Protein chains: 2
Amino acid sequence: MGTTPRPLVGVKPSNSLLLLAFLLTFVLVGSRGESNAMDNVATERMAEESHRQDSANLLIFIMLLTLTILTIWLFKHRRFRFLHETGLAMIYGLLVGVILRFGVHVPQSMSDLVLSCAVNASPATLLVNVSGRFYEYTLKGEVSRSKGHQVQDDEMLRKVTFDPEVFFNILLPPIIFHAGYSLKRRHFFRNIGSILAYAFMGTVISCFVIGLIMYGFVSFMKVVGQLAGDFYFTDCLFFGAIVSATDPVTVLAIFNELKVDVDLYALLFGESVLNDAVAIVLSSSIVAYQPAGDNSHSFEAMAMLKSFGIFLGVFSGSFALGVATGVMTALISFHMLRDFPLLETALFFLMSWSTFLLAEACGFTGVVAVLFCGITQAHYTYNNLSPESQDRTKQLFELLNFLAENFIFSYMGLTLFSFQSHVFNPMFIIGAFVAVFLGRAANIYPLSFLLNLGRKNKIRSNFQHVMMFAGLRGAMTFALSIRDTATYARQMMFSTTLLIVFFTVWICGGGTMPMLSFMSIPVGVDSDQENLTNTNTKHESAWPFRMWYNFDHNYLKPLLTHSGPPLTATLPACCGPLARCLTSPQAYENEGQLHDDDSDFILNDASVSSMFADVTVSTDASGSHTVNRKRSSTASTGGGPWDEGLDHELAQAENEVAIRGTRLVLPMDDPVEHA
Amino acid sequence: MGTTPRPLVGVKPSNSLLLLAFLLTFVLVGSRGESNAMDNVATERMAEESHRQDSANLLIFIMLLTLTILTIWLFKHRRFRFLHETGLAMIYGLLVGVILRFGVHVPQSMSDLVLSCAVNASPATLLVNVSGRFYEYTLKGEVSRSKGHQVQDDEMLRKVTFDPEVFFNILLPPIIFHAGYSLKRRHFFRNIGSILAYAFMGTVISCFVIGLIMYGFVSFMKVVGQLAGDFYFTDCLFFGAIVSATDPVTVLAIFNELKVDVDLYALLFGESVLNDAVAIVLSSSIVAYQPAGDNSHSFEAMAMLKSFGIFLGVFSGSFALGVATGVMTALISFHMLRDFPLLETALFFLMSWSTFLLAEACGFTGVVAVLFCGITQAHYTYNNLSPESQDRTKQLFELLNFLAENFIFSYMGLTLFSFQSHVFNPMFIIGAFVAVFLGRAANIYPLSFLLNLGRKNKIRSNFQHVMMFAGLRGAMTFALSIRDTATYARQMMFSTTLLIVFFTVWICGGGTMPMLSFMSIPVGVDSDQENLTNTNTKHESAWPFRMWYNFDHNYLKPLLTHSGPPLTATLPACCGPLARCLTSPQAYENEGQLHDDDSDFILNDASVSSMFADVTVSTDASGSHTVNRKRSSTASTGGGPWDEGLDHELAQAENEVAIRGTRLVLPMDDPVEHA
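Residues numbered from 1 in each chain as written. Chains lettered and ligands numbered in written order. Predicted model: local features only at pLDDT ≥ 70, side-chain atom pairs only at ≥ 80, totals over all residues. Heavy atoms only, no water.

### Focus: the pattern of salt bridges
Opposite charge on two side chains permits them to pair, given that their charged atoms come into close proximity. Defined as follows: What makes a salt bridge here is a side-chain nitrogen of Lys or Arg within 4 Å of a carboxyl oxygen of Asp or Glu, nothing more. The numbering of helices and of strands both runs from the N terminus, where a helix is a DSSP run of H or I of at least 4 residues and a strand a run of E of at least 2. For every residue, the accessible area (1.4 Å probe, protein chains only) is compared with the maximum for its type, and the residue is labelled buried under 20%, exposed over 50%, or partly exposed between those bounds.
Under the counting rule described, the total for this entry stands at eight salt bridges over all chains. Taking the shortest distance from any N to any O, the salt bridge between glutamate 398 of chain B and arginine 392 of chain A comes out at 3.2 Å. With glutamate 398 of chain B in helix 15 (residues 387-418) and arginine 392 of chain A in helix 15 (residues 387-418), the pair connects residues from two separate chains. Accessibility expressed as a relative area gives 11% for glutamate 398 of chain B, which makes it buried. One continuous salt-bridge network, built from bridges that share partners, spans Glu388 and Arg392 of chain A together with Glu398 of chain B.

### Quick look at the nonpolar core
Definition in use: Only buried Ala, Val, Leu, Ile, Met, Phe, Trp, Tyr and Cys residues count toward a nonpolar core, and they belong to the same one when joined by side-chain atoms within 4.5 Å. Note on contacts: a residue pair qualifies if any of its non-hydrogen atoms lie within 4.5 Å across the two residues.
With 308 residues, the main nonpolar core has Phe239 and Phe255 of chain A together with Phe239 and Phe255 of chain B as its most contacted residues. Those residues in contact with phenylalanine 239 of chain B that lie beyond four places of it in its chain are Ile210, Met214, Phe428, Ala432, Met493, Thr496, Thr497 and Ile500 of chain B.

### Quick word on the packing of aromatic side chains
Residues and elements named next belong to chain B. Threshold: We call Phe, Tyr and Trp rings a pair once their centres come within 6.5 Å, taking the six-membered ring for Trp, and we label the pair stacked below 30 degrees between planes, edge-to-face above 60, and tilted otherwise.
Enumeration over the complete set of coordinates arrives at 54 aromatic pairs over all chains. Geometrically, the ring pair formed by phenylalanine 167 and tyrosine 411 is tilted, given 5.0 Å between the ring centres and 45 degrees between the ring planes. A residue pair is termed long-range when its members are at least 10 positions apart, and phenylalanine 167 in helix 6 (residues 165-181) and tyrosine 411 in helix 15 qualify at 244 residues. Comparing phenylalanine 167 with tyrosine 411 shows no difference in burial state: the two are buried.

### Structural notes on the packing of helix 16 (residues 426-454) of chain B against helix 17 (residues 461-469) of chain B
Residue and element names in this part refer to chain B. For clarity, the threshold we go by: Orientation is described by lines fitted to C-alpha atoms, with helices fitted over the stretch in contact, and by angles between N-to-C directions that extend from 0 to 180 degrees. Each angle receives one of four descriptions, namely roughly parallel if under 35 degrees, roughly antiparallel if over 145, roughly perpendicular if within 65 to 115, and oblique otherwise. When the near helix sits turned anticlockwise from the far one by under a right angle, the crossing is termed left-handed; a clockwise turn instead gives a right-handed crossing. Under the scheme applied here, ten amino acids are nonpolar (Ala, Val, Leu, Ile, Met, Phe, Trp, Tyr, Cys and Pro), four are charged (Asp, Glu, Lys and Arg), and all others, including Gly, are polar.
For the pair helix 16 and helix 17, the least separation of the axes is 9 Å and the interaxial angle reads 150 degrees. Regarding the angle of helix 16 to helix 17, the classification is roughly antiparallel. When you trace helix 16 past helix 17, the crossing you get is right-handed. Contacts between helix 16 and helix 17 pair Phe437, Arg440, Ala441, Ile444, Tyr445, Ser448 and Asn452 from the former with Gln464, His465, Met467 and Met468 from the latter. By residue class, the composition of the contact of helix 16 with helix 17 is six nonpolar, four polar and one charged.

### Details of the environment of glycine 211 of chain A
Residue and element names in this part refer to chain A. For glycine 211, the position within the fold is in helix 8 (residues 192-224). Looking at glycine 211, the relative accessible area reads 0%, which means it is buried. For glycine 211 and valine 281, which are 70 residues apart along the polypeptide, the C-alpha to C-alpha distance reads 16 Å. Discounting chain neighbours no more than four positions away, the residues touching glycine 211 are Phe233, Cys236, Leu237 and Gly240.

### What about the confidence of the model for chain A?
Residue and element names in this part refer to chain A. We count it as follows: Confidence of the predictor at the level of single residues is given by pLDDT, which spans 0 to 100.
Considering every residue of chain A, the mean pLDDT works out to 70; 63% of them sit at 70 or more. Ignoring residues within four places in sequence, the model shows residues 1-38, a span with pLDDT below 50, making 78 contacts including any to other chains. Within the model, the stretch residues 590-675 combines pLDDT values under 50 with 163 contacts to residues more than four positions away or in other chains. If you check the scores for this complex, the pTM reads 0.74 and the ipTM reads 0.73.

In structure tokens, the structure reads:
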């Protein structure tokens, strides 16, 4: 111990250390102490061993992700579009699961002591008195009830199982935030009415249709004697809620690459982002349905009303919180922080994270708050960031989304074999597949019919089929189903959900290309052309939207960002001094511009009329081709592509085209670009 | 529950949902189930409450960090250099600590049950049988032994306390990796001999000097009766090891801003990065010193040899592992992944993280492995990354470093008040301050004297004083001292360490500017001028370095990166086919270049001789001024600045100057730039 580590290279060791070593020898001999630190060692060593095991387990997942990345690269390199990275991650997860299950046999360690103490509750923290010393234990959760089963458990498999709350508190937030942050797309806001209809009404319809069908199946199973435990109607509804959250990353990645119709893209993407929020709040409201007294699982008006109140309260609370933090970040980044990209990015990250924590601390749903925070950040804060911070925040959340998504999907593959309490019931599984199919149909077709009544730009039947087909289930469904696997019903749901996710991601995801050609969906569509031939803006330009747009454009944008007209121009004269003090100096420079770069939210009257004018003139008006080339070159690997630049360019290109339209000049269509 | 959420805006609710609501009413009434899920609810609610509390606590820290960022911005905006962000984070932490300690009074919840069971050990996992149901508990650690004391504990304060392992497994790795990744500096490698001497020998000297002095103080305290518990010599040595890790972020930030001598910067930065690694392995080796039998804490040759073996084994193992993963990443990024920045960045991140996990799983020190992994990544992998990925990885680790560092420092401030078992012993504290001062002096002055014997470019006495003064203690010292606070000795060490960190960061950090002017250290120094006037390369260009440089340049660089000469040129002719297959096509393009952009590692003979030539001609040769302007504009807020670009430009600029030197042309010195 008194010796010096040998210097790595080229330095002569000094003599002073030798002297120290000698000194030390005498001092150590002189200090004879009592030996009561010996008993610490055993505990320390055990904790160390446990930590080592944890590291090894986490390493398995990191290796899985690394492998996935390398294979994705190979696929992208060879332009092989059949399997998406998430599907791939699942396959690797499955393989590792099989190996762990059947290949590795770790002898069962006897380290799990079972205490049978007279405790009447299971507290979150437990102090255990071990011969005079107190050890603190934290509650990890309830383990499966059957003691006999527990002992048979494979130690290794139990070790690679994560706390389900990890998904909700660590992995889902970046995915959902990224979805919200990349949602700022011109076509999303064009179709917002339809998207909201699909996301809100559609999800609720789907939830109840699936719930009812499953209740039918479950009742039948009970009669036939196929059911080994309780399965209530609330369980059926819960199942309906969790499998109603769609996640068409695979489909959207292909859409993006092939330049499929932008409206279809916007509808699918918008729906999938928002229905996650609806499904999560819906499922927690269903769990909260607790009739008073012993007579649970029966109908009770009060309890149902309470559940409905919870739904509204949690949803609107989360929404308000997310928007509030987004606005606050916009205000901070508006008044300060420019020129310090690191500080800006750090603040952006922290504020977005605090949205999640704040919502959770208030009893709202963090994931939903984070979604709306992301949308608000994209709409306001993004404009205030320096260009470097814009890139940094995009890239950061793109990376986090990529890692979290692939982690979840590979974990999904793994759990098919590593989860210890699977309940695969063939009848229930068949019923679930039928219900999921019918639930999706009951969402898409009737709603599309109703929406088409009001839409100028009809959702064509082949679009409806694609939307039906693209009802993939993914990360959210998995996270919701693994959150609670304590009861028989939940275990059966979890196992079935896994199979649904596998089926939809592999079969529906892999079948996207054939589906597109079968449905004769045009690919390689120029987004501007699509945009102009389909005059879908009438319906969305209803008065509440127009009012909101005007309010946003005239007051919120100038207040929160550096774009938009100065407040001095929009506020009444009496508010002059206040307006001057709140307006950014840059805003005056923008005054001449009619369209700021966020006019994607809704079209104002001028552009709507010019678009109509354009449509009457030509149906193949096409804008900037460079824009589309740029889009394909991003070759987005994450869920949503980043096309702020695109948005901006589109807005400009459209202005150009619109002007051409009103001047009755037929825009040229370059045939080379459409080859 | 059967009702639909009111759509946010402008969508007519369809009638189908009303129908569903009616249907549901009947179905729910029909499904009367038993009530055995009621007892689940209590547990669920408790877990929920605990989760909510955790979110709120984490939120406190996020808010603290946000506040710190805003204040830093204000400081930077006003060019106020007195207080560094880390010092600021500590102040905010202190304030919140005071508020939590004296302001908030949360009534003690009685949720902590104390079980007094006949368990003869404390296992890592505990299954508790609560009336037939099994709950899994995980060991959190031992709590302070005195039961009476425990009850008085403030619930709130205990809640804001993190598991100390969080620092080691989550917060330290990004900081250390960032340090390694930003270490690739031309001047670091020039001074590598001296840096290694300070880091290895210096840390060991400091550790033993502090240990011996503290042992003297403790022995005296025992005589006087000031000591309330055991304090062995190994404890003293352990204290010496943990307070020997320096962390001069504050000083370096100012150095960077003021353009203080680059060699001084390189010496301080290099020493502080490497001595962290030495201190952590040294401290764990001291903990591992366990003489056999009851007679612990006495001297035993075998145990000491074992400790020494552990030091060597852990250090070299971690080193090898880190370098191996770095090389593997370089190989992967060399042969694949170009053109996909997201995949590259993700792989880079995952491989670096897996280094940590792999080291921990193998029983080595993850933090040390991560450090050497970072250095290897910077030296090889960085050159293979696409420019976008280079930016992304830099920015990512810069952000992580910034967040982790400020989190640790604000937590430090908080623990001064929130930690429950502080032992402030005035004598021990005075002794520690004296020991830390003398230990630093025993490191710097004798070693500098020895090094100056061999160095051409002497380390001047004012440089030595600054190095002495810049011995700030920071994140590593804190993390090491909070890791184990079970015994009286460790608690006293922890409290004292906190004070040392506060003192050094505030007083030494804040006094950097006066110190620089008092020591008449030149500021605004042109790095090239410094570089050329001080011919410090002779000593470092000793044969082992030259051999390594040649090996690296001729074989490793071409094998692992796209720079350097092609292997076909450097390998013997017999290896022709192999060399052709391993060489990147880009390498042939580089063949003409003598200096690749990593020639900073060491100067080859040609440039050394040209430098000597230059020095004989002029002492005020100055290179590119733009480079230095660029450096100051980055205004780095993290620990180490990113100056890959700078390195590259410096290398080019230097070539230019060197050529001018050999041609005996006196370079011009622009007086405007030195104003």
